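Residue-level listing of the chains:
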Amino acid sequence: MPSVFRFAPSPNGHLHLGHAYSALLNHDLARDAGGRLLLRIEDIDATRCRPEFERAIYEDLAWLGITWETPVRRQSEHFAAYGAAIDRLSAQGLVYPSFESRADIARLVREREAGGAWPRDPDGAPLYPGTAKSLSAEARDRLIGQGAPFTLRLDMAAACGRAGGLRWHETGEGPAGESGDVAARPEAWGDVVLARKETPTSYHLSVVIDDALQGVTDVVRGVDLFWSTSVHRLLQELLGLPVPAYRHHRLIRDAAGQKLSKSTQATGLRELRAEGASPADVRRLVGLR
Ligand code: GLU
């Protein structure tokens, strides 16, 4: 079976050199392996994703000389598939609704921190501080019946009890040089969000469903997502999905050593192109031949 790679940008801004590196690396690895390259549009966040950014992604990638298979999978067209996965996790008793607003959560974290350090996830965000997990079934039903907005969370302790000792094969490198056979640490993320009222899925859930559905064998992405793989391994296990190989790559940094953002014009592909840069220049700038 041929290897299947994918590049999975979110259309919430224009692509920059960091995306170019990831896309070109996926392209080169797929070509060298005699494999396939898929493009997936990760547009679950309707408040931030825009059609013009999606069009620009196609344009910029084509300019770089990348070709991909069509039809392109757009996550916003598959909310039902993600909902079905949440139903499967719920049926295992691993999902609960929480009712705090973002402001409530910020206040709870401040209260917890006043009493000592409160744990943070690998991205630096505080773990969920609420107590919704212990609400009775009656209290949950009543709140939902009243139309209270809720967020669906994974009961991490129960999920880890169901699927412990998970590992993945890393051919790239983690933030502290981790590679080879890596032990997943999903508990470091706390009770992660699986779905919100305004977005009926989450990055973690849609990415594992799609990688499985699309037969992805090799996930090649930035090292900023290295520890997310812990959550992905857990969801794969709970949902009975196959496990791809992972290769996390270095991030391209700006002259000041900062991670690039979609609003940094200096490293935007459109800006570079307007200034006369060629695709070969882009390869050179990101250190690819
Ligand atoms: N959509 C994610 C991003 O743009 C990438 C997800 C992935 O490669 O797993 O950062």
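What this report covers is the structure whose coordinates are included nearby. Computed from a prediction, not measured in an experiment: that's the story for all the values here.

Considerations on the overall build of the protein
- A tally of regular secondary structure across the protein gives 10 helices and 10 strands.
- For 289 residues, the compact-globule estimate of 2.2 N^0.38 gives 19 Å, and the protein sits close to it at 20 Å.
- Counting only C-alpha atoms, the protein reaches 60 × 40 × 35 Å along its principal axes.
- The contacts of the protein with a sequence gap of at least 6 include a subset with a gap of at least 24, amounting to 78%.
- Within the structure as shown, the protein displays about 13900 Å² of accessible surface, and the carbon and sulfur contribution to it stands at 53%.
- A gap of 1 Å separates the mean positions of the 36 positive and 37 negative side-chain charges of the protein.

Digging into the environment of Thr229
- Looking at the element boundaries, Thr229 is found in helix H8 (residues 228–239).
- Placed 25 residues apart in sequence, Thr229 and His204 show a C-alpha to C-alpha distance of 8.7 Å.
- Excluding its chain neighbours within four sequence positions, the residues that come into contact with Thr229 are Trp168, Arg221, Tyr246 and His248.
- A polar atom in the side chain of Thr229 sits 3.3 Å from the side chain of His248.

Thoughts on the pattern of salt bridges
- Applying the stated rule across the entire model yields 26 salt bridges.
- The salt bridge partner of Asp43 is Arg74, with a shortest N-O separation of 3.7 Å. Of this pair, Asp43 sits in the loop between strand E2 (36–41) and helix H2 (51–64) while Arg74 sits in strand E3 (residues 73–74), placing them 31 residues apart in sequence.
- Linking Asp155 and Lys133 is a salt bridge whose minimum nitrogen-to-oxygen distance equals 3.1 Å. Of this pair, Asp155 sits in the loop between strand E5 (151–154) and helix H6 (156–162) while Lys133 sits in the loop between helix H4 (102–114) and helix H5 (137–145), placing them 22 residues apart in sequence.
- On the accessibility criterion, Asp155 (12% relative accessible area) is buried.
- Its relative accessible area of 38% is what places Lys133 among the partly exposed residues.
- Linked by salt bridges that have partners in common, Arg6, Arg40, Glu42, Arg73, Asp210 and Asp211 make up one network.

Concerning the site of the ligand
- Close contacts around the ligand come from Arg6, Ala8, Pro9, Ser10, Glu42, Tyr203, Val207, Arg221 and Leu225, and that covers them all.
- Here Ser10 contributes a side-chain N or O atom positioned 3.4 Å from a nitrogen atom of the ligand.
- In this structure, an oxygen atom belonging to the ligand sits 2.9 Å away from a side-chain N or O atom of Arg221.
- Burial of the ligand by the protein chains amounts to 78% of its free accessible area of 300 Å².
- Among the residues forming the shell around the ligand, the class breakdown is five nonpolar, one polar and three charged.

Remarks on the nonpolar core
- Counting residues in each nonpolar core, the largest one holds 36 residues, and the members touching the most others are Leu89, Leu154, Leu205, Ile209, Leu234, Leu235 and Leu238.
- Mapped by element, the contributors of at least two residues to this core are helix H3 (79–91), H6, strand E8 (193–195), helix H7 (203–213) and H8.
- The element that contributes the greatest number of residues to this core is H8, accounting for five residues.
- Setting aside anything within four residues of it in sequence, one finds Leu154 in contact with Leu94, Tyr96, Ala159, Asp191, Val192, Leu194, Leu234, Leu235 and Leu238.
- Ranked by size, the runner-up nonpolar core spans 28 residues in total, among them Tyr21, Leu24, Val220 and Ile252.

Observations regarding the packing of aromatic side chains
- Counted according to the given criterion, the structure contains eight aromatic pairs.
- Cluster of aromatic residues (ring-pair linked, three or more members): Trp168, Phe226, Trp227 and Tyr246.
- Over the ring of Trp63 we find Arg273; its NZ or CZ atom is 5.1 Å from the centre of that ring.

Brief notes about the side chain of Arg73
- On the secondary structure map, Arg73 appears in strand E3.
- In terms of polar contacts, Arg73 uses its side chain to reach the side chain of Asp210, at 2.8 Å.
- Ignoring sequence-local partners within four residues, the contact set of Arg73 consists of Leu39, Arg40, Ile41, His78, Tyr82, Asp210, Leu213 and Gln214.

Calculation criteria
- Residues numbered from 1 in each chain as written.
- Predicted model: local features only at pLDDT ≥ 70, side-chain atom pairs only at ≥ 80, totals over all residues.
- Heavy atoms only, no water.
- Helix = DSSP H or I, 4+ residues; strand = E, 2+ residues; numbered from the N terminus.
- Rg over C-alpha atoms; globule rule 2.2 N^0.38 Å.
- Contact = heavy atoms within 4.5 Å.
- Areas by Shrake-Rupley, 256 points an atom, 1.4 Å probe, with all protein chains shown as cover.
- Lys, Arg positive; Asp, Glu negative; His and termini not counted.
- Charge placed at Lys NZ, Arg CZ, Asp CG, Glu CD.
- Polar contact = N/O pair within 3.5 Å; in protein donor to acceptor, adjacent residues only side chain to side chain.
- Salt bridge = Lys/Arg side-chain N within 4 Å of Asp/Glu carboxyl O.
- Buried < 20%, exposed > 50% of the residue type's maximum accessible area, 1.4 Å probe, protein only.
- Near = heavy atom within 4 Å.
- Nonpolar A, V, L, I, M, F, W, Y, C, P; charged D, E, K, R; others polar.
- Core = buried A, V, L, I, M, F, W, Y, C linked by side-chain atoms within 4.5 Å.
- Phe/Tyr/Trp six-rings, centres within 6.5 Å; stacked < 30°, edge-to-face > 60°.
- Lys NZ or Arg CZ within 6 Å of the ring centre and 35° of its normal.

Shape is all these values report; function is a separate question.
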